Amino acid sequence: MEDECYFLREYTRGVGYQASDTNQLIANLKKSTERRGQRDYRYKQQAIEIAGREFRSALNPEWLRTATLVPIPPSSNRDDPRYDDRITQVIQVVTSGLQADIRELIMQRESTIPAHLSGNYRPTVAEIMENYAIDETLTEPTPNRIGVFDDILTAGSHFRAAKLLLQQRFGAIPVVGIFVARRIFPREQDPQQSG
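For the structure given in this document, a descriptive report is provided here.

### Describing the packing of aromatic side chains
Inference 1: What the rule picks out here adds up to two aromatic pairs.
Inference 2: Their ring planes at 85° and their centres at 5.4 Å tell us that phenylalanine 55 and phenylalanine 149 sit as a pair that is edge-to-face. Of this pair, phenylalanine 55 sits in helix α2 (residues 42–58) while phenylalanine 149 sits in strand β6 (residues 146–153); the two residues are 94 residues apart in sequence, bridging distant segments of the chain. The exposure classification of phenylalanine 55 matches that of phenylalanine 149, with both residues buried.
Inference 3: A centroid spacing of 6.2 Å and a plane angle of 75° characterise the contact between phenylalanine 159 and phenylalanine 179, whose relative ring orientation is edge-to-face. Of this pair, phenylalanine 159 sits in helix α6 (residues 157–170) while phenylalanine 179 sits in strand β7 (residues 175–184), and the two are 20 residues apart along the sequence.
Inference 4: The exposure class assigned to phenylalanine 179 is buried, which follows from its relative accessible area of 3%.

Given below as structure tokens:
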């Protein structure tokens, strides 16, 4: 089964926020909610606005009005004080002025370590699915198509887990992934070209 995923930018792994505008945007999006109230936290809101506006200019407004828009849940569950609804906020910017169906249909049972802080450990699709649950209070009306939003497409495990869970619950409806950026790796410098 093929996945259908779209992204706006490319994020270079392991080179820091100063390496590109995209790396800075992603760093600001991922800024911890524990920074709320600090001077630098305003950059998070700016990043949410930028990502939302870029999606808005790239996505078909008719599709936005007819799809159910679902954020990938953050690593902290809804009861955790570190809960971060940044992707929901991005979708709200995307759909400002439109009648759109935004639903946090997927929730985490337990908080986990954010992927960008967990080193090289990457949970499997099965492990992610075990920790995901459908919020049954939000299932009506039944979606006809779903757009799953997240900030970075890395290995695609969180998207795949979300897609499988949504299709188990709602049937074989189209589920597409929409990401601010996909992860790329820095090019190794060719020693023959230096000098």
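### Regarding the sheet that holds strand β1 (residues 4–12)
Inference 1: Read across the open sheet, the five strands follow the order β1-β7-β6-β2-β3; overall the sheet is parallel. The strands lining the two open edges of the sheet, one partner per strand, are β1 and β3 (101–102).
Inference 2: Across two bridges, strand β2 (residues 68–71) lies against β3 in parallel orientation. Counted as the bridge partner of threonine 68 is aspartate 101 from β3.

Thresholds applied
- Residues numbered from 1 in each chain as written.
- Predicted model: local features only at pLDDT ≥ 70, side-chain atom pairs only at ≥ 80, totals over all residues.
- Heavy atoms only, no water.
- Phe/Tyr/Trp six-rings, centres within 6.5 Å; stacked < 30°, edge-to-face > 60°.
- Helix = DSSP H or I, 4+ residues; strand = E, 2+ residues; numbered from the N terminus.
- Buried < 20%, exposed > 50% of the residue type's maximum accessible area, 1.4 Å probe, protein only.
- Pairing = 2+ DSSP bridges.

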